[in-house]
Amino acid sequence: MGSTIFAVFLPLALALVMFGLGLTLAVDDFARVLRYPKAAVIALLCQMVLLPAVCLGLIYLFRLEGALAVGMLLLAASPGGPSANLFSHIAGGNVALNITLTAINSVLAVFTMPLIVAFAYSRFMDADGSFGLRPDKFAQVFAIVLVPVAIGMVVHRRYTGWAERMRGNVKILSIVVLALVVLAAVAKNFETLTENIGKLASLSLLFAVISLAVGYFVPRLLSIDADQAIASAMEIGIHNGAIAIAVAGSVLHNNAMAVPGAVYGVLMNIPAAIAAYLLARYVRQEHSTPSPAPN
């Protein structure tokens, strides 16, 4: 009975979160990538290529195995979380770019997530990697990730005033639902969690720190403006743990794979908050520093 409730609750909860995301999006948010092409491409490459490679290295470093290793890679393949915009705003980031990256990442994740899961299965589960590439798995990921977003966007377009009024409430509700999803995953897999809490906590914190650092410093090294680099850091550094948990429980039918997403969903707030504070101070100092007087 508990497994049935968990399996039903997860996709419904994620659908609500993704519907809330859709309420904040418009077609222009996808087109906005043309305003920040270099920043967007760099952030997407970091998110889709660099971070899964970093995560794989950390899995080997911490000697994570089996379902937990797959769950960690599933998390790395997930797009940015709803709180990325909030942390970006606090840090002085370009929130418009955050919204664009979230929109594009959510679409791309439907295709990249099954590929990474297939690799993870062949590497850590002694199973044929084609499991993650089955058409029905693609369809399920599409249904729980993109369909609610599309519905939310349609509602936003047709009832713009209502969607704008509900934006703040939806963000709060999304955070509450995310917390409930994490708690449900922890309760469902408490024994697996307690047996591996040391490894998972250390790995999750280190992965969050590296993700934030990659998201900020790689764009800066490539001459991207600070506010766009901050947006990239928050988008890349804050993964949507709810998607990883829901895909693990509802698509892959392996609750143990949801544990890394649950641990990360709690702990990533610590480095994200510290990074937002430090970056906000940096932005304030940069803006308050007077320009040199002309000769």
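- The name given to the protein chain in an unreviewed UniProt entry is BASS family bile acid:Na+ symporter, with Nocardia tenerifensis as the source organism.
- Quoted verbatim from the Subcellular location (unreviewed entry) heading of the UniProt record, the comment on the protein chain is "Membrane".

## Side note on the overall build of the protein chain
Working step 1: For the protein chain, the count of helices and strands is 13 helices and zero strands.
Working step 2: Starting at the N terminus and walking to the C terminus, you meet the elements of the protein chain as α-α-α-α-α-α-α-α-α-α-α-α-α.
Working step 3: In the protein chain, which comprises 295 residues, the proportion classed as buried is 54%.
Working step 4: Of all intrachain contacts in the protein chain linking residues separated by at least 6 positions in sequence, the fraction that spans at least 24 positions is 85%.
Working step 5: For the protein chain, the exposed surface amounts to about 13,300 Å²; the carbon and sulfur share of it is 69%.

## Thoughts on the packing of helix 3 (residues 37-61) against helix 6 (residues 95-124)
Working step 1: Two numbers describe how helix 3 lies on helix 6: the axes approach to 10 Å, and their chain directions differ by 30°. It follows from the interaxial angle that helix 3 and helix 6 lie roughly parallel. Crossing geometry of helix 3 relative to helix 6 is assigned as right-handed. On the side of helix 3, the interface is formed by Ala39, Ala40, Ala43, Leu44, Gln47, Met48, Pro52, Leu56, Ile59 and Tyr60, while helix 6 contributes Leu97, Leu101, Ile104, Asn105, Leu108, Ala109, Thr112, Ile116, Phe119, Arg123 and Phe124.
Working step 2: Looking at the contact of helix 3 with helix 6 residue by residue, the classes come out as 17 nonpolar, three polar and one charged.

## Let's talk about helix 10 (residues 226-237)
Working step 1: Here helix 10 spans 16 Å end to end across twelve residues, near enough to the 16 Å set by a 1.5 Å rise per residue.
Working step 2: Among the twelve residues in helix 10, eleven count as buried, and that is most of the element.
Working step 3: Where helix 10 is concerned, the buried positions are Ala226, Gln228, Ala229, Ile230, Ala231, Ser232, Ala233, Met234, Glu235, Ile236 and Gly237.

## A closer look at unusual backbone geometry
Working step 1: Backbone geometry places arginine 63, a non-glycine residue, at a positive phi of 55°.
Working step 2: Along the chain, arginine 63 turns up in the loop between helix 3 and helix 4 (66-76).
Working step 3: With phi around 70°, serine 223 is a residue other than glycine that occupies positive phi space.

## As for the side chain of histidine 239
Working step 1: Mapped onto the elements, histidine 239 comes out in the loop between helix 10 and helix 11 (241-251).
Working step 2: Of note is the side chain of histidine 239, whose polar atom sits 3.1 Å from the backbone oxygen of isoleucine 236.
Working step 3: Sequence-distant contacts of histidine 239, defined by excluding residues within four places in its chain, comprise Gln47, Leu51, Leu75, Ala76, Ser78, Pro79, Gly80, Gly81, Phe207, Ser211 and Tyr264.

## What to know about the packing of aromatic side chains
Here the distance between the centres and the angle between the planes together describe a pair of aromatic rings.
Working step 1: Inspection of the entire model under this criterion finds three aromatic pairs.
Working step 2: Between tyrosine 60 and phenylalanine 124, the ring centres sit 5.8 Å apart and the planes meet at 45°, which makes this aromatic pair tilted. With tyrosine 60 in helix 3 and phenylalanine 124 in helix 6, the pair connects residues that are 64 residues apart, well separated along the chain.
Working step 3: Overall, tyrosine 60 belongs to the partly exposed group, its relative accessible area being 43%.
Working step 4: Residue classification places phenylalanine 124 among the buried positions, given a relative accessible area of 12%.

## Examining the nonpolar core
Working step 1: One finds Phe207 and Met234 to be the most contacted residues of the largest nonpolar core, which totals 99 residues.
Working step 2: For this core, the element with the most residues is helix 6, which contributes 13 residues.

## As for a nonpolar patch on the surface
Working step 1: On the surface, Leu16, Ile172, Leu173, Val176, Leu180 and Leu183 cluster together into a nonpolar patch covering about 540 Å² of accessible area.
Working step 2: Counting residues per element, the nonpolar patch draws most heavily on helix 8 (residues 160-188), at five residues.
Working step 3: Of note, valine 176 is situated in helix 8.
Working step 4: For valine 176, a relative accessible area of 42% gives the class partly exposed.

## Quick word on the side chain of serine 232
Working step 1: By the secondary structure assignment, serine 232 is in helix 10.
Working step 2: Residue classification places serine 232 among the buried positions, given a relative accessible area of 2%.
Working step 3: Once residues within four sequence positions are removed from consideration, serine 232 is found in contact with Ala43, Leu101, Gly215, Pro219 and Gly237.

## As for the environment of asparagine 98
Working step 1: In this fold, asparagine 98 is placed in helix 6.
Working step 2: In this structure asparagine 98 touches Ala84, Asn85, Ser88, Ala231, Met234 and Glu235, once residues within four positions along its chain are discounted.
Working step 3: Reaching out from asparagine 98, the side chain makes a polar contact with the backbone oxygen of alanine 231 at a distance of 3.0 Å.

## What to know about the environment of leucine 50
Working step 1: Positionally, leucine 50 belongs in helix 3.
Working step 2: Apart from the residues lying within four places of it in its own chain, the contact partners of leucine 50 are Leu45 and Val214.

## Remarks on the environment of alanine 258
Working step 1: Looking at the element boundaries, alanine 258 is found in the loop between helix 11 and helix 12 (259-267).
Working step 2: In this structure, the C-alpha to C-alpha distance between alanine 258 and asparagine 189, residues 69 residues apart in sequence, is 8.2 Å.
Working step 3: Discounting chain neighbours no more than four positions away, the residues touching alanine 258 are Ala185, Ile245 and Ala248.

Criteria and thresholds
- Residues numbered from 1 in each chain as written.
- Predicted model: local features only at pLDDT ≥ 70, side-chain atom pairs only at ≥ 80, totals over all residues.
- Heavy atoms only, no water.
- UniProt positions renumbered as here; feature names shortened; annotations may be inferred.
- Helix = DSSP H or I, 4+ residues; strand = E, 2+ residues; numbered from the N terminus.
- Buried < 20%, exposed > 50% of the residue type's maximum accessible area, 1.4 Å probe, protein only.
- Contact = heavy atoms within 4.5 Å.
- Areas by Shrake-Rupley, 256 points an atom, 1.4 Å probe, with all protein chains shown as cover.
- Axes fitted to C-alpha atoms, helices over the stretch in contact; angles between N-to-C directions.
- Parallel < 35°, antiparallel > 145°, perpendicular 65-115°, else oblique.
- Left-handed = near helix turned anticlockwise from the far one by under 90°.
- Nonpolar A, V, L, I, M, F, W, Y, C, P; charged D, E, K, R; others polar.
- Expected span 1.5 Å × (residues − 1).
- Polar contact = N/O pair within 3.5 Å; in protein donor to acceptor, adjacent residues only side chain to side chain.
- Phe/Tyr/Trp six-rings, centres within 6.5 Å; stacked < 30°, edge-to-face > 60°.
- Core = buried A, V, L, I, M, F, W, Y, C linked by side-chain atoms within 4.5 Å.
- Patch = residues over 30% accessible without salt bridge, like charges linked within 9 Å, V, L, I, M, F, W, Y side chains within 5 Å.
- Salt bridge = Lys/Arg side-chain N within 4 Å of Asp/Glu carboxyl O.

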